[in-house]
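Examining the three-dimensional arrangement
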Amino acid sequence: MLSSFEKSPDIKYTFHTDFVNVLSYHLAPGYKYLYTSSSSVRINIITKGYQVVTHNGKTFTHHKNQTYIIPPYARGYIETFTHTESILIELSNQLIQHVIEKSHYSHKKSNQPTVQLLNDLSSDIEYELFCLARATASPPGDDHFLIDLHAQKLVYDLLQHIETRSLIYLQSCSPINKSIAYIKNHLNQPQLIKECAEKLDMTASNFSHHFKAHTGLSPVKYIRQEKMEQARELLLTNSVTDTAFELGYETPSYFISVFKKTYGHTPKQYQSKFK
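Residues numbered from 1 in each chain as written. Predicted model: local features only at pLDDT ≥ 70, side-chain atom pairs only at ≥ 80, totals over all residues. Heavy atoms only, no water.

**Concerning the overall build of the protein chain**
Helix and strand counts for the protein chain come out as 11 helices and 10 strands. The buried share among the 275 residues of the protein chain stands at 48%. A fraction of 70% describes how many contacts in the protein chain between residues 6 or more apart in sequence connect residues 24 or more apart. Accessible surface computed for the protein chain: about 14,100 Å², of which carbon and sulfur atoms make up 51%. (Helix = DSSP H or I, 4+ residues; strand = E, 2+ residues; numbered from the N terminus. Buried < 20%, exposed > 50% of the residue type's maximum accessible area, 1.4 Å probe, protein only. Contact = heavy atoms within 4.5 Å. Areas by Shrake-Rupley, 256 points an atom, 1.4 Å probe, with all protein chains shown as cover.)

**Observations concerning the pattern of salt bridges**
With the rule as written, the count across this model stands at four salt bridges. Here arginine 42 and glutamate 90 are joined by a salt bridge, their closest N and O atoms 2.5 Å apart. Of this pair, arginine 42 sits in strand β4 (residues 41–48) while glutamate 90 sits in strand β9 (residues 84–91), and the two are 48 residues apart along the sequence. Take arginine 42 and glutamate 90: they sit in the same class, and that class is buried. The partner of lysine 153 in a salt bridge is aspartate 157, with the nearest N and O atoms 2.9 Å apart. On the criterion of helical spacing, the pair formed by lysine 153 and aspartate 157 is a turn pair, its members being four residues apart in helix α3 (residues 144–159). (Salt bridge = Lys/Arg side-chain N within 4 Å of Asp/Glu carboxyl O.)

**Quick notes on the packing of helix α5 (residues 175–185) against helix α6 (residues 192–199)**
Closest axis-to-axis distance for the α5/α6 pair is 10 Å, and the angle between their directions is 145°. The way α5 lies across α6 gives a crossing that is right-handed. Where α5 approaches α6, its residues Ser179, Tyr182 and Ile183 are matched on the opposing element by Leu192, Glu195, Cys196 and Lys199. (Axes fitted to C-alpha atoms, helices over the stretch in contact; angles between N-to-C directions. Left-handed = near helix turned anticlockwise from the far one by under 90°.)

**A short note on helix α7 (residues 204–215)**
Compared with the 16 Å implied by 1.5 Å per residue over 12 residues, the 16 Å span of α7 between its first and last C-alpha is a close match. What α7 keeps buried is the set Phe207, Phe211 and Thr215. Seen from one end, α7 has its buried residues packed into an arc of 45°, which puts them on one side. Counted as exposed and oriented over 90 degrees from the buried face of α7: Ser205, His209 and Ala213. (Expected span 1.5 Å × (residues − 1). Arc of directions from axis to C-beta.)

**Some thoughts on the nonpolar core**
Ile43, Ile89, Leu91 and Leu158 are the most contacted members of the largest nonpolar core, which totals 30 residues. When contributions to this core are tallied by element, the ones reaching two or more residues are β2 (20–27), β4, β9, α1 (93–103), α2 (123–134), α3 and α4 (162–173). Residue contributions to this core peak at six residues, all from α3. When near neighbours in sequence (up to four residues on either side) are disregarded, leucine 158 contacts Ile43, Ile69, Leu91, Leu118, Ile125, Thr164, Arg165 and Ile168. Counting 13 residues, the second largest nonpolar core, distinct from the first, contains Met228, Ala244, Leu247 and Phe259. (Core = buried A, V, L, I, M, F, W, Y, C linked by side-chain atoms within 4.5 Å.)

**Things to note about the confidence of the model for the protein chain**
Confidence in the prediction for the protein chain averages 81 pLDDT; 84% of positions are at 70 or higher. Within the model, pLDDT remains below 50 along residues 1–11, and this stretch shows 48 contacts once partners closer than five positions in the same chain are excluded. (pLDDT = per-residue confidence, 0-100.)

**What to know about the environment of lysine 273**
As for its placement among the helices and strands, lysine 273 is situated in the segment after α11 (267–272). For lysine 273, a relative accessible area of 56% translates into the label exposed. Lysine 273 sits 37 residues away from leucine 236 along the chain, and the two C-alpha atoms are 9.9 Å apart.

**Regarding the packing of α2 against α3**
Where α2 meets α3, the axes come as close as 9 Å, and the angle between the chain directions of the two elements is 150°. As judged from the angle between their axes, α2 and α3 are roughly antiparallel. α3 is crossed by α2, and the crossing has left-handed handedness. The residues of α3 that touch α2, namely those facing Asp124, Ile125, Tyr127, Glu128, Leu129, Cys131 and Leu132, are Ile147, His150, Ala151, Lys153, Leu154, Asp157 and Leu158. Here the residues of the contact of α2 with α3 are counted per class, giving nine nonpolar, one polar and four charged. (Parallel < 35°, antiparallel > 145°, perpendicular 65-115°, else oblique. Nonpolar A, V, L, I, M, F, W, Y, C, P; charged D, E, K, R; others polar.)

**Things to note about the side chain of aspartate 157**
A relative accessible area of 6% places aspartate 157 in the buried class. When residues no more than four places from it in sequence are discounted, the contact partners of aspartate 157 are Asp124, Ile125 and Glu128.

**Details of the packing of aromatic side chains**
Centre distance and the angle of the planes are the two values used to describe a pair of aromatic rings. If you walk through the whole model with that rule in mind, you get 10 aromatic pairs. For the pair phenylalanine 207 and phenylalanine 211, a centre-to-centre distance of 5.6 Å together with 55° between the ring planes defines the contact as tilted. Here phenylalanine 211 and phenylalanine 207 lie together in helix α7, a separation of four residues that amounts to about one turn. A network of ring pairs unites the aromatic residues Tyr249, Tyr254, Phe255, Phe259, Tyr263 and Tyr270 as a single cluster. (Phe/Tyr/Trp six-rings, centres within 6.5 Å; stacked < 30°, edge-to-face > 60°.)

Put into structure tokens, the structure is as follows:
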């Protein structure tokens, strides 16, 4: 599963497939959040109210029915002044690599990636986003493959526009992003940093330096963050002990300590909210 925001507001509904993660957020008036986005390209659709967003020193108002695409590792500040609802779609690196390979698309020089408004680019993009956003209204059941088909077409359409092309390639071509994909799929392994460094022919310290410059987090903090986010997902169906071992913790007690330090409550207290 792709990672969601570390400090998320109330989530009305969320689901994920092999290629996308779709989340629906309700933001109260006066909500303020300083964020660093994940390694994934994100598309944010405002369905009610508006947000005031500051990104790279520029402030703009994100109105209802406007759709923005956000590059990996974008840093910014969000503030709301009225009840605001939004849908967030995350595109996985697996999806992007798949579309690039299948379409035999070659990268062309384009502008520096930045937040981009999608509304005026293409009716094809608008249609695929509508299909993905509609999935938040009711669980997709066994039709995940249809969602993934729309996601593939969306990425293909985004590659056709110079305004969004660099965002797609920024996610797919970075060696650090490839190591992040490896980390997400091997969280239970004890020597992750060493393995990633060796794959990039770097020392562990050099890899850590480049990783932090790219993401804003050290590999140790990033891995802990990923484990905690996956823990919340696993705890919905697994026991605390099974979750701890599945995430590579040597003892459940240490896992409990890290979880409580991160979220302010124990895994058991978290599970009790869903009973």
